[in-house]
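Reading the structure
Spelled out from the first residue to the last, the chains are:
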Amino acid sequence: MSRESEGAEDARLDPIRSFTVRSFRLDPDKWREFVLQDETAVTFSSFCSSQDVNHLFLCQRPDSGLCVSLDFPREVHSKVICVSRTLREGVTKENARNILTIQEVQGGDALSFIVDLTEEVTCTLLSNRQSSCSWEVGVTDEALRFLQKLKNEALLMKAQVDGHTFLAHPDALCRRGGYDDAGHHPMDVNQSGGLRDKSLAVDNGDQKSDIKLLHACNGTIVEWAELVSEFLQQDWSRPVLDGLKPLPLEEFDFWKNRLKNLHSIQQQLTSPRAQQVASILQTADSVYWSTLRDIYKDVQDGLQEAEDVTVHLVPVQEKLEEVMQLQYHQLKDHMVSVTEEVRQLWIKSEFYRQPCRIVVLLQEICNSFIQLSREFLRGQEVMIGLVLDHRLVLKNVCLVIQTLQTLKEAYVQTRIQTYNQDTLTYSWDFPSNLVFFHLDKFLKRLHNIQEVFSISLQLYQLDQMVLSGVSGRIWTDVVQEVYQDFLVHVRLLSDCNCDPTDPEDQTFELHRDQFQIQVSDLKVRLVSVLSRALEDCNEHRSAAKLVKMFGFILDHPLIRGQLHPHLTQLVQMVLMDLDQIDLLFSSEKEKVGTLTRFTPPAVGRLQWTQQLRLRAEDALKSFRAVQHLDLDSGDSQLVLQRFEQIMDTLQVFRDTQRSDWSTQLESDCEFILKHPVIGRSEQGVLEVSCSQKVEALQTELRYVSRERDVELRPHTTKLFTCRDDITQSYQSLTHMVSCYNQVVNDALQVDHPLIEGQLQDLNQNLLKLQKFTWGSDVQKQVQQQKQSVLNFHSTVREARANTDAMTCIIQGWAGLHLLERSGDSLLKGGAAEQTCKQLREEGQELLRLIQVNMSLYGAEASSPSWNGYLEHMDDKVQDGLFQLLLRALHFLSDSTSPQSDGAALLAVSLQLQEKGSVFEPSVSGGLSDFLKTIISDVFATASLLPRISVSRDSDYQVSLQQNPKLSALEQEVMHHLLQVKKEAEHVRVGLDRYSHLWLSDKLAAFQEFLSYSRQLGPEEEADETPPTLKDFQREIDSFQTLRTEVTHLDEFIVLHSWLQVDLRPFRDSLLSVIQDWKNMYTEYLLNSVSGSLQQVTQRGAEDEESSSSSSFPLTETILLLEAAAVELPEHMAAQLQC
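These remarks concern the structure in this document.

The rules behind these values
- Residues numbered from 1 in each chain as written.
- Predicted model: local features only at pLDDT ≥ 70, side-chain atom pairs only at ≥ 80, totals over all residues.
- Heavy atoms only, no water.
- Helix = DSSP H or I, 4+ residues; strand = E, 2+ residues; numbered from the N terminus.
- Expected span 1.5 Å × (residues − 1).
- Bend = angle between axes of the 7 residues up to and from the residue.
- Buried < 20%, exposed > 50% of the residue type's maximum accessible area, 1.4 Å probe, protein only.
- Axes fitted to C-alpha atoms, helices over the stretch in contact; angles between N-to-C directions.
- Parallel < 35°, antiparallel > 145°, perpendicular 65-115°, else oblique.
- Left-handed = near helix turned anticlockwise from the far one by under 90°.
- Contact = heavy atoms within 4.5 Å.
- Nonpolar A, V, L, I, M, F, W, Y, C, P; charged D, E, K, R; others polar.
- Pairing = 2+ DSSP bridges.
- Phe/Tyr/Trp six-rings, centres within 6.5 Å; stacked < 30°, edge-to-face > 60°.
- Lys NZ or Arg CZ within 6 Å of the ring centre and 35° of its normal.
- Salt bridge = Lys/Arg side-chain N within 4 Å of Asp/Glu carboxyl O.
- 1 Å grid on protein atoms, 1.4 Å probe; cavity = no way out; pocket = protein on both sides within 12 Å on 5 of 7 lines; lining within 4 Å.
- Points joined across faces, edges and corners; volume = space filled by probe spheres on them.

Here we come to helix H32 (residues 752-769). The first and last C-alpha atoms of H32 sit 24 Å apart over 18 residues, in line with the 26 Å expected at 1.5 Å per residue. The largest bend along H32 reaches roughly 30° and is located at Gln758. Among all positions in H32, only Leu754, Ile755, Leu759, Leu762, Leu766 and Leu769 are buried.

Interhelical geometry of helix H16 (residues 355-377) versus helix H19 (residues 390-419) gives an angle of 170° and a closest axis separation of 10 Å. Here H16 is positioned roughly antiparallel relative to H19, judged by the angle of their axes. Relative to H19, H16 is oriented so that their crossing is right-handed. Listed contacts from H19 to Leu362, Cys366, Phe369, Ser373, Phe376 and Leu377 of H16 are Asn396, Val397, Leu399, Val400, Leu404, Leu407 and Tyr411. For the contact of H16 with H19, the class distribution of residues is eleven nonpolar, two polar and no charged.

Before going further, it helps to examine the environment of Ala942. By secondary structure assignment, the location of Ala942 is in the loop between helix H36 (926-940) and helix H37 (956-961). You can call Ala942 buried: its relative accessible area is 0%. Taking C-alpha positions, Ala942 is 9.2 Å from Ser959, a pair spaced 17 residues apart along the chain. With residues near it in sequence (within four places) discarded, Ala942 still touches Leu881, Leu885, Tyr956, Gln957 and Leu960.

Another point: the sheet that holds strand E12 (residues 1059-1062). Taken together, four strands build an open sheet; the order of strands is E10-E9-E12-E11 and the sheet is mixed. In this open sheet, the two edge strands, each paired with only one partner strand, are strand E10 (916-920) and strand E11 (1052-1055). Within the sheet, the average angular offset between the axes of one strand and its neighbour, ignoring direction, is 25°. Bridge count for E11 against E12 is four bridges, and the pairing is antiparallel. In the sheet register, Phe1052 faces E12, and the bridge partner there is Asp1062.

We now examine the packing of aromatic side chains. According to the stated counting rule, one finds 21 aromatic pairs in the structure shown. Ring centres of Tyr328 and Phe376 lie 4.4 Å apart, and the angle between their planes is 5°; on these two criteria the pair is classed as stacked. One end of the pair, Tyr328, is in the loop between helix H14 (288-324) and helix H15 (335-348); the other, Phe376, is in helix H16, and 48 residues separate them in sequence. Of the residues examined, Tyr328 reaches a relative accessible area of 7% and is grouped as buried. Ring geometry for Phe1032 versus Tyr1081: centroids 6.1 Å apart, planes at 75°, classification edge-to-face. Note that Phe1032 is positioned in helix H41 (residues 1029-1047) and Tyr1081 in helix H42 (residues 1064-1099), a separation of 49 residues in sequence. Judged by relative accessible area, Phe1032 falls into the buried class, the value being 0%. The ring centre of Phe436 lies 5.5 Å from the NZ or CZ of Lys408, which sits over that ring.

Turning next to the pattern of salt bridges. If charged atoms from side chains of opposite charge come close, those side chains can pair. Taken as a whole and judged by the stated rule, the model has 26 salt bridges. Between Lys245 and Glu504 there is a salt bridge, with the nearest N and O atoms lying 3.6 Å from each other. Here Glu504 lies in the loop between helix H22 (472-494) and helix H23 (507-535) and Lys245 lies in the loop between helix H11 (237-241) and helix H12 (248-269), a separation of 259 residues in the sequence. Classification of Glu504 as partly exposed rests on a relative accessible area of 46%.

What follows concerns the packing of H41 against helix H44 (residues 1114-1123). The relative placement of two packed helices comes down to the angle between their axes together with the axis-to-axis distance. H44 packs onto H41 with a crossing angle of 5° between their chain directions and a minimal axis gap of 11 Å. If you check the angle between H41 and H44, you find them roughly parallel. Residue-level inspection shows Leu1029, Phe1032 and Gln1033 of H41 in contact with H44, the latter providing Glu1116, Thr1117 and Leu1120. Of the residues contributing to the contact of H41 with H44, the split by class is three nonpolar, two polar and one charged.

Our focus in this paragraph is empty space enclosed by the protein. By rolling a water-sized probe across the atoms, one finds the places where empty space is left. Tallied over the entire structure, the rule returns five cavities of 30 Å³ or more. In this model, the largest cavity occupies a volume close to 60 Å³. Looking at the lining of the largest cavity, the elements that each hand over two or more residues are H15, H16 and H19. Ranked by the residues each element gives to the lining of the largest cavity, the list is headed by H16, at three residues.

The following block contains the structure:
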């Protein structure tokens, strides 16, 4: 059988297989694959074959699946299958189900299950004499000894899993007869000092058992001493000494577990079983009794130490947990509080006040901040930040450096405080490098990262660098080439796969060294560009700008040496500019006129000197760009001396100007303070006194407020102190005077009587105001008078606005249309309704505004001044109506003029009636009445507005009808009507040439034609001659010719360019008359054709023509009718077809 088959079919594992498959719900094939694995097969074989292996554990892990081990699986929280051996013998196919105990427990409860199973079930059964009386001698003791060992192993394993120390008890205690649950062993000490079993007789065999028990207890004490000593010697500083980087949390957990374990050891030492061991040792006066007491003492001392340290570490842990929850940029503000908590730990904890322990804790805190910093920087993403966001990464690196430096500073501050304690016992006298060993290495790496990013940031600026000058474009292109090469280098550096924040990783340092070599080559190329660009500079500002742009390459002495001539030249240009400033000041300081053109003279001089100072400071600023480079040139010191000399000269000049300005201000202020605030000019116009002087002084005082070094003398101080009040008073007075003069100057002749009384009252008040000077407290009086003037001005302005509104309304009438044309451009009858409606509404608005003005002026209705105002407005209204009517009549006159080039104004139609042709409406009657009505309506619109003046009785229509201009236009229109009347009659008479058609008797004329074949004259006599077919054709053609002639008559004709005559009614009637004449002839011929067809049908003759009794040939007659556009009736057409 193969090895695979043997492993898969091992009968010893049947109980384990069936239980595991059922518990974990496994597929049998999966179990078969599991037991065939080499490691699994070895584990099962060791458990079954070796009698020293008592336990087997199976569990199912999420990552690796089903697992089996001889040790209890750690960190397993799911269920575990525990297989325990109950007898010390190998597992075979036959005894597997008898000696194996299999139980399913939850994670860490497996070991507890084994202990409980051994102690409470198995041992109890074996200890019962009745259940084991049938066994052979020694079997029960051997089984108890084995189970006790099994239990101890389980307890030891459980303690190891929990991180505790387990103190095993001697196996002889169980074999010697056991003990009850209360720990009362049946053995006691006899009088001779030996051990005696109270329940058994003492013989030699029992004495030997007591000696074995004592030896077992002695051995147990030795084991306890070793275990306790080994545990107490555990020191948390060992990981640090071994070069590890533990965190504070690990130490906190260490002391908590240590305290917990010591409590466990103490409980074990004070347990009933341990007390029994102690009693045996003490009774037997064993040499290990003192060892046991030392163990008690050491555990007690260790417990006291652990409790002290654990209690005092709590504030440190809480502070660190609080700080670790903060945003990284907030850490700096809490570093002192962290070190202060460590200092309080040093002071308060007796057992922690040891340099090695405090150094370890500080190192752990540093490690914690290092870890936090690396997480903040995202170490794996730092290098890629060179091309993605180098500014942000550099900012973060700088923040981390500052934060960690703050930690070191906080440590130094706290260390100083420890020296300030009352006793040197509390001082930290250990070297600081022990504390910051790892932190300093980390900071060194951060500084290297900062250097790389700082250089990169400077070189990134080359992209925006544009050089000016003659060759600026060339040098700019060279700089761009350098920039492109830099981009290649920085991309290569960013692609390096390393974490630069790990000081132990030297990959970054190798790439950094290579990058620095590449950057040095780029700087050499930039030096060449800077050298050539500086040669083209002829002004220090541009040269200084270049130096600042390329400042990052000037840090190396070698580069500064290469550029030394050009940098020295910059200093020379600065000196030249300072000399020009000195020369300009010396030559221009006396030319006051050119300096005070737009500002007060003193202010102009001070501003000019300030400009010179700024120019000198600008030159010095350019010098500062190279001052730190240590050019070792005597010109550098000369620049500073020259600058100080110029600044001193300018300061002396400015002090002199301020003194002179102060004197002049004092004189002007004294003059102003004594002058009245208002007065009247020689022309009697109200004005603000010394207005220009006051404005000039106010301007100068504003400059004084900026020039704080100007001395203010008494009068100047007074005016300066109250300058805001004076400014406000001046503005109020200016406004008041402007409003007053506006009212007086803009007053109309008709307005003046209405405001004369109010003006007199204002003048009396203004006379009182003229007694106040600028130096008196005039603000209150000014405000009072200003309010009076403004109220008066507002009232008059509103009244004038109403007058202007009325004038605007009246003037707008001149643009209204009283007469309108209809859709066919002809004149509508009567005045336009919309215009009349507007006139009524505006008439009411005029009355309303008149009443408002009466209230504003405070006038009485019967006063002469108000009546004069009303008559003035009445004249305006009448003039506006005159313009409206004048426009309407002009429109009529122009539209009815023979010379008018517009569309026809009026229309009539020519109609044919029984009596002859007539116009509708009649030109002499209806059209004349229509025009007279329109003219009457035009004049009637003037009566739509109420009369403004109460002293004039008649309305506006009566007044305007008497206007000679309007009457003349009316007569002119009627004259045009008379002219067009004559022309219309001439047209009508001309169309009477067709009068024979409607005046003649058609039947009589046709009978005359049938008799004589033509029309006879009035007195003519002739023989009867019946008409032939040609005679009919002649008459029909004559009517067709007349029809064509009438059809081509004009539909409309315009007489005198304004009267439209519609000829269509006349033409249509005349065509109807002609058609009647024609039909009379054609109907006769149709009747002739009809009679001929009837004769032909009745006789049945072969030759229809010869047999016809008609005088006209049938065929020719039909052709004539067809030529005359006469269709044969259907029955005739049917007869012809037959």
